[in-house]
Each structure stands twice: as C-alpha cells, then as structure tokens.
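One letter stands for each residue in the lines below.
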Amino acid sequence: MNSHTNSASRREFLRRLAAGSAAWGLFPNAVSRLAADEPGALPKGKRLIVRSAAPLNAEPALGGLAADWITPLELFYIRNHGPTPTIDAAGHQFSVTGMVEKPITLSVAELVERFPAVHATATLTCAGNRRNEFQGPKIGGVQWGAGAIGNANWAGVSLASVLQHAGVQAGAKHVWFEGADVISDKSESYPFGGSIPLEKALPGERSVAPVLLATKMNDKPLTAEHGAPV
C-alpha cells in the first residue's frame, strides 16, 4: 500500500469524526512484508483449535482456558483480519499525528526508554465469541466457540503520557490507532485500525484504567500473532 492511499484512508476516517481526533498509528520505516499464510498452521507452541486458516483465527479448548486465571500464551486466542505482518522490531517506528501540537515519531526502544513503565491485568475478547451457538440462519464471520477470550498481564507505557508529550489540541475527541496489518477487501487494501474516545485515554474522572501501549504479555515480549512489537 503506498503512502498516498494510506493517508487517504486515514483522512477519510478522521473526516467522519464530527469533532475531530488525535491520531496514533504504527508506521514501519519500510514496507512491511506480509507473511504467507499456511492453511491451519499455528505459531510454535500454540495449543489452539483453528477456526479459519487464512487469515488465521484460533481458540483454545475450554478445559485448558478455565484452568488458569491468567491465560498462558500457548492458550491465548488469535484474532486476525488479514495476514500477520513481518516486522523488523529494531527498525520499527510509530508516529503520533493529527490534532497534536508536536507530531512525534519514535522507535519502540525510545518509547520504552522515555516513558514510565505501566502494568495492567486485562481481559480481551472477540465480539464474535460464541457465534457458533447462535440459532437460526448462519451468521457470517469466524465461527467461534466460547474460547475467543483471554486474561493476561500486560506491560508497556501509558498512552496518556505519550499523548501529553505530543500535546493534544483543543477539540480532539478520538484516538485513532492504525496498525501495519493490511486488509484486502475486494479491490481495496487498507491498514487495520480502530478508535477510542480521547477521554478514555487521558486521566480524569471517566478514565477508570490506564490505556497501555503494550510491549509485553505475561512478562514476555509480544509475539507477532499478538501485535509485536507494540
């Protein structure tokens, strides 16, 4: 995907946000190579049931999932919308752009060095979890059982610290995250992304938990299937 299309995609999203946004995205300093999906192939050590092969989506059996409060990495579900990017972590950079006073670009090493470490235990779940239990006409999407959920110890830096360093402008309402994952939809290709309200990212009365830029999961560096390097 060229930078023009990338920028156009991002601008279109920001245009749709009525009150504006601050944008945060992952941008490798070279085009990410997309790893070829091998049907049914799981990352080394994973003990999961494959629900779709390309893109890879897989979940654990419930017996193993329920055995621990903290979900072991080998049993943590995998959710993908496209091929997993192959990224050089040492050379990878991310940018903070949009409605900020000082756009910044940092490597992952600089991110960890410059901002305070934060830890949180948090549960992730796919919105389609237990989809295969629905009655009536089949609903499109990955046919998940009940295992597309996991609870992990996360470590990284506070998103609020990074945004405050960049200086959020008045009127910004959302933080838009854009990854290196490239989604192909018919004739279009675009980076995977999503957004959260700015008030959820910044400290205040309505912010109940820190939003992390995670670099570790269960005390280990993130793996590619879970968003490495950050």
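What you see is a predicted model, and the numbers here were worked out from it, not measured in a lab.

So, how was this worked out
Residues numbered from 1 in each chain as written. Predicted model: local features only at pLDDT ≥ 70, side-chain atom pairs only at ≥ 80, totals over all residues. Heavy atoms only, no water. pLDDT = per-residue confidence, 0-100. Helix = DSSP H or I, 4+ residues; strand = E, 2+ residues; numbered from the N terminus. Contact = heavy atoms within 4.5 Å. Buried < 20%, exposed > 50% of the residue type's maximum accessible area, 1.4 Å probe, protein only. Salt bridge = Lys/Arg side-chain N within 4 Å of Asp/Glu carboxyl O. Polar contact = N/O pair within 3.5 Å; in protein donor to acceptor, adjacent residues only side chain to side chain. Arc of directions from axis to C-beta. Pairing = 2+ DSSP bridges. Axes fitted to C-alpha atoms, helices over the stretch in contact; angles between N-to-C directions.

## Brief notes about the confidence of the model for the chain
Here is step 1: Of the residues in the chain, 80% reach a pLDDT of 70 or more, and the chain-wide mean stands at 85.
Here is step 2: Averaged pLDDT values over the elements of the chain bottom out at 36 in strand 2 (residues 33–34) and peak at 98 in strand 4 (residues 57–59).
Here is step 3: In the model, residues 25–37 has pLDDT below 50 throughout and makes 42 contacts with residues more than four positions away in sequence or in other chains.

## A word on the environment of V157
Here is step 1: With respect to the helices, strands and loops of the structure, V157 is situated in strand 9 (residues 149–158).
Here is step 2: For V157, a relative accessible area of 3% corresponds to the buried category.
Here is step 3: Each C-alpha atom of the pair V157 and A214 lies 6.6 Å from the other, and the pair is 57 residues apart in sequence.

## Describing the pattern of salt bridges
Here is step 1: Counted according to the given criterion, the structure contains four salt bridges.
Here is step 2: Taking the shortest distance from any N to any O, the salt bridge between R51 and E59 comes out at 2.5 Å.
Here is step 3: Residue classification places R51 among the partly exposed residues on the basis of a relative accessible area of 34%.
Here is step 4: On the basis of relative accessible area, E59 is assigned to the buried category, the value being 1%.

## So, the side chain of S95
Here is step 1: Position of S95 among the secondary structure elements: in strand 6 (residues 93–98).
Here is step 2: By relative accessible area, S95 is classed as buried at 11%.
Here is step 3: A distance of 3.1 Å separates polar atoms of two side chains, one belonging to S95 and the other to T105.

## Describing helix 4 (residues 159–166)
Here is step 1: Turning to helix 4, its buried residues number three or more, namely L159, A160, V162, L163 and A166. Buried residues along helix 4 cover an arc of 160 degrees about the axis, so they all sit on one side.
Here is step 2: N-capping of helix 4 is provided by S158, with a side-chain oxygen placed 3.1 Å from the backbone N of A160.
Here is step 3: Looking one or two places after helix 4, you find G167, whose phi comes out positive at around 80 degrees.

## A short note on the sheet that holds strand 12 (residues 212–217)
Here is step 1: Sheet architecture is open: four strands sit in the order 8-9-12-13, paired in antiparallel fashion. Two strands in the sheet have a free side with no partner beyond their single neighbour: strand 8 (117–125) and strand 13 (220–221).
Here is step 2: Sheet analysis places strand 12 next to strand 13, joined by two bridges and oriented antiparallel. Note that in strand 13 the partner of M217 across the bridge is K220.
Here is step 3: The strands that helix 4 touches are strand 9 and strand 12; relative to strand 9, the one it contacts most, it runs at about 35 degrees.

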